[in-house]
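# Structural characterization, general
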Amino acid sequence: MTNPLDSLIELTRALGEPQNDYVIIGEGNTSLRLDEDSFLVKASGHGMHGIGADGFVAMRIKPMLALLDKPPATLSEEKAITNSAAIRQHAALPPNALGGTEGGLSPSVEASFHAMLLHECGLRYIGHTHPVAINQILCSEYGPDFAFQRRFPDEVVLCGPQSALVPYADPGLPLALAIREKTREYMSAYGEAPKLILLENHGMIALGETPAEILNITAMAVKAARIFLGALMTGKPTHLPEEEAWHIYRRPDEIYRRQRFVAN
Ligand SMILES: [Zn+2]
């Protein structure tokens, strides 16, 4: 079995492949829940393409959740708490890895939403990217049309019957709080976590149990975005009726296909 860090490195590199056009330079980040109170997250300032073991920090979840429940008054206080939540040595990291400020690694500024989503949704992997096709929609007035409706069956199977849509918020704690609000709304309406969260004027978040699920959701969301944009260019996109999207999502044969796709 692949060790957790290697699986996260592989996932991050795959999302960072230049031909995918999901991220450039230092954009995007990934995380993996390790156990009850710890997770791995990409370090700030590392590009996803070709990332290595030195590009990740192990962190404790609880101090990050406390940060959301009681936001500190200043940014420097927030940064100090975030850095102190980094675990200096963790069994999941190579013996010479030094997380936190002592190792010269700072967790991503988006570490707070990773901790929150891993906790709230109970899933293992998160992949956050800024794909061009997705942002062409999310930097326009068509975000709600794209997020709340579906165009074709495999979009439903992989990305779920709807996405959660989060209004623009300042990256860091304000964004983590905005994502938490919309994720909780989605979970109380539908009884399960969203597979795809769309951030207006920012990017997307895929949530899943395996690296394959993150890659599948991201690829299908980007394909759906391209189709939506193409349909806009030829006229007005048409959508699946909401009840049809839910019907497909719950069909036993589609559930079987979804499980097969994410099994590795
Ligand atoms: Zn981002």
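For the structure itself, consult the block above.
What comes next is a walk through the structure. (Residues numbered from 1 in each chain as written. Predicted model: local features only at pLDDT ≥ 70, side-chain atom pairs only at ≥ 80, totals over all residues.)

## Let's talk about the sheet that holds strand 5 (residues 125-129)
Strand order across the open sheet formed by eight strands is 4-3-2-1-5-8-7-6, with mixed pairing between neighbours. Of all the strands in the sheet, the pair left with one neighbour each is strand 4 (86-87) and strand 6 (164-166). In terms of strand pairing, strand 1 (residues 29-35) meets strand 5 through four bridges, oriented antiparallel. Looking at strand 5, one finds that Leu32 is bridged to Tyr125. Where helix 8 (residues 173-190) meets the sheet, it contacts strand 6 and strand 7 (196-199), and its direction lies at approximately 155° from that of strand 6. (Pairing = 2+ DSSP bridges. Helix = DSSP H or I, 4+ residues; strand = E, 2+ residues; numbered from the N terminus. Contact = placed C-beta atoms within 7 Å. Axes fitted to C-alpha atoms, helices over the stretch in contact; angles between N-to-C directions.)

## Some words on helix 1 (residues 4-16)
Between its terminal C-alpha atoms helix 1 stretches 18 Å, which fits the 18 Å expected from 13 residues at 1.5 Å a residue. Turning to helix 1, the residues buried within the fold contact strand 1, strand 2 (38-42), strand 3 (56-60), strand 5 and helix 9 (211-234). (Expected span 1.5 Å × (residues − 1).)

## Regarding the environment of His202
Note on placement: His202 falls in the loop between strand 7 and strand 8 (203-208). We classify His202 as buried; it has 20 C-beta atoms within 10 Å. Separated by 64 residues in the primary sequence, His202 and Leu138 place their C-alpha atoms 7.2 Å from one another. For His202, the residues in contact, after removing those within four places along its chain, are Leu138 and Tyr168. (Buried ≥ 20, exposed ≤ 12 C-beta atoms within 10 Å, placed from the backbone.)

## Regarding the environment of Leu68
Along the chain, Leu68 turns up in helix 2 (residues 61-69). For the pair Leu68 and Pro174, spaced 106 residues apart in the sequence, the C-alpha separation amounts to 8.8 Å. Every residue in contact with Leu68, bar those within four places of it in the chain, is listed here: Ser112, Met116, Leu173, Ala176, Leu177 and Arg180.

## So, the pairing of strand 8
Consecutive side chains along a regular strand alternate between the two faces of the sheet. With six of six residues buried, strand 8 lies mostly within the body of the structure. Of the two faces of strand 8, the one lined by Gly203, Ile205 and Leu207 and the one lined by Met204, Ala206 and Gly208 are each fully buried. By the bridge criterion, five bridges tie strand 5 to strand 8 in an arrangement that is antiparallel. Counted as the bridge partner of Thr129 is Met204 from strand 8. Strand direction decides the pairing type here: strand 7 and strand 8, joined by four bridges, are antiparallel. Looking at strand 8, one finds that Ile197 is bridged to Ile205.

## Describing unusual backbone geometry
A positive phi is found at Asp21, a non-glycine position, where the angle reads about 60°. As for its position among the elements, Asp21 is in the loop between helix 1 and strand 1. What makes Asp21 partly exposed here is the crowd of 14 C-beta atoms within 10 Å. Positive phi outside glycine occurs at Asn201, with the angle close to 55°. Locating Asn201 in the fold gives a position in the loop between strand 7 and strand 8. Exposure remark for Asn201: the 12 C-beta atoms within 10 Å place this residue in the exposed category.

## Re the pairing of strand 2
Counting buried residues in strand 2 gives five out of five residues, a clear majority hidden from the surface. Here strand 2 shows a buried face lined by Ser38, Leu40 and Lys42 and a second buried face lined by Phe39 and Val41. Looking at chain direction, strand 1 and strand 2 are connected through four bridges and run antiparallel. Pairing of Ser31 across the sheet is with Val41, part of strand 2.

## What about the packing of helix 2 against helix 4 (residues 111-121)?
The relative placement of two packed helices is expressed as an angle between their axes plus a distance between the axes. Contact geometry of helix 2 with helix 4 gives a least axis separation of 9 Å together with a crossing angle of 105°. Looking at the two axes, helix 2 sits roughly perpendicular to helix 4. Touching Ile61, Met64, Leu65, Leu67 and Leu68 of helix 2 are Ala111, Ser112, Ala115, Met116, Leu118 and His119, all from helix 4. When grouped by side-chain class, the residues that make up the contact of helix 2 with helix 4 number nine nonpolar, two polar and no charged. (Parallel < 35°, antiparallel > 145°, perpendicular 65-115°, else oblique. Nonpolar A, V, L, I, M, F, W, Y, C, P; charged D, E, K, R; others polar.)

## What to know about the nonpolar core
Counting 68 residues, the largest nonpolar core has Phe39, Leu40, Met59, Ala115, Ile197, Met204 and Ala221 as its most contacted members. For this core, the leading source of residues is helix 9, giving eight residues. Look past the residues within four positions of Leu40 in its chain and what remains in contact with it is Pro4, Leu5, Leu8, Ser31, Leu32, Leu34, Phe56, Ala58 and Ala92. (Core = buried A, V, L, I, M, F, W, Y, C linked by C-beta atoms within 7 Å.)

Taken by themselves, the reported measurements are silent on function.
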